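Structural overview
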Amino acid sequence: MSNISELDLQNLRHLIGGYDTTHCKMQAYAQETKDPEIRQFFEKGARSAMDNKQQLMKFLN
């Protein structure tokens, strides 16, 4: 991997934190709802946020 700038590192940290927050909120929303379709919607959103976070984390390795 090539070196990334400090600005890029800060941007990555910001994006990763945002996806982590989104993942946590979507999971909480999914647990609170009784409607199976809405639960599925939020669970899918939580998975997507986690996938995006993991993809971005690869730039830090």
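Structure shown above.
Residues numbered from 1 in each chain as written. Predicted model: local features only at pLDDT ≥ 70, side-chain atom pairs only at ≥ 80, totals over all residues. Heavy atoms only, no water.

1. Re a nonpolar patch on the surface
A surface patch of nonpolar side chains, about 310 Å² in accessible area, is lined by I4, L9, M57 and L60. As for its placement among the helices and strands, L60 is situated in the segment after α2 (36–57). Residue L60 is classed as partly exposed on the basis of its relative accessible area of 40%. (Patch = residues over 30% accessible without salt bridge, like charges linked within 9 Å, V, L, I, M, F, W, Y side chains within 5 Å. Areas by Shrake-Rupley, 256 points an atom, 1.4 Å probe, with all protein chains shown as cover. Salt bridge = Lys/Arg side-chain N within 4 Å of Asp/Glu carboxyl O. Helix = DSSP H or I, 4+ residues; strand = E, 2+ residues; numbered from the N terminus. Buried < 20%, exposed > 50% of the residue type's maximum accessible area, 1.4 Å probe, protein only.)

2. Quick notes on the packing of aromatic side chains
Counted by the stated rule, this structure contains two aromatic pairs. With centroids separated by 5.3 Å and ring planes inclined at 70 degrees, the aromatic side chains of F41 and F42 adopt a geometry described as edge-to-face. On the basis of relative accessibility, which here comes to 56%, the residue F41 falls in the exposed class. Residue classification places F42 among the buried residues on the basis of a relative accessible area of 18%. Three or more aromatic residues joined by ring pairs form one cluster here, namely Y29, F41 and F42. (Phe/Tyr/Trp six-rings, centres within 6.5 Å; stacked < 30°, edge-to-face > 60°.)

3. Side note on α2
Here α2 contains 22 residues, and its C-alpha end-to-end distance of 31 Å stays within 8% of the 32 Å for a straight helix at 1.5 Å per residue. For α2, the full list of buried residues reads F42, A46, A49, K53 and L56. Summarising the axial view, the buried residues of α2 lie within an arc of 90 degrees, below the 170-degree limit, and thus occupy one face. Seen from the buried face of α2, the exposed residues on the opposite side, beyond 90 degrees, are P36, E37, Q40 and K44. Looking at the packing, one finds that the buried side of α2 touches α1 (6–32). Measuring from the backbone nitrogen of E37 back to the side-chain oxygen at the start of α2 gives 2.8 Å, which picks out D35 as the cap. (Expected span 1.5 Å × (residues − 1). Arc of directions from axis to C-beta. Contact = heavy atoms within 4.5 Å. Polar contact = N/O pair within 3.5 Å; in protein donor to acceptor, adjacent residues only side chain to side chain.)

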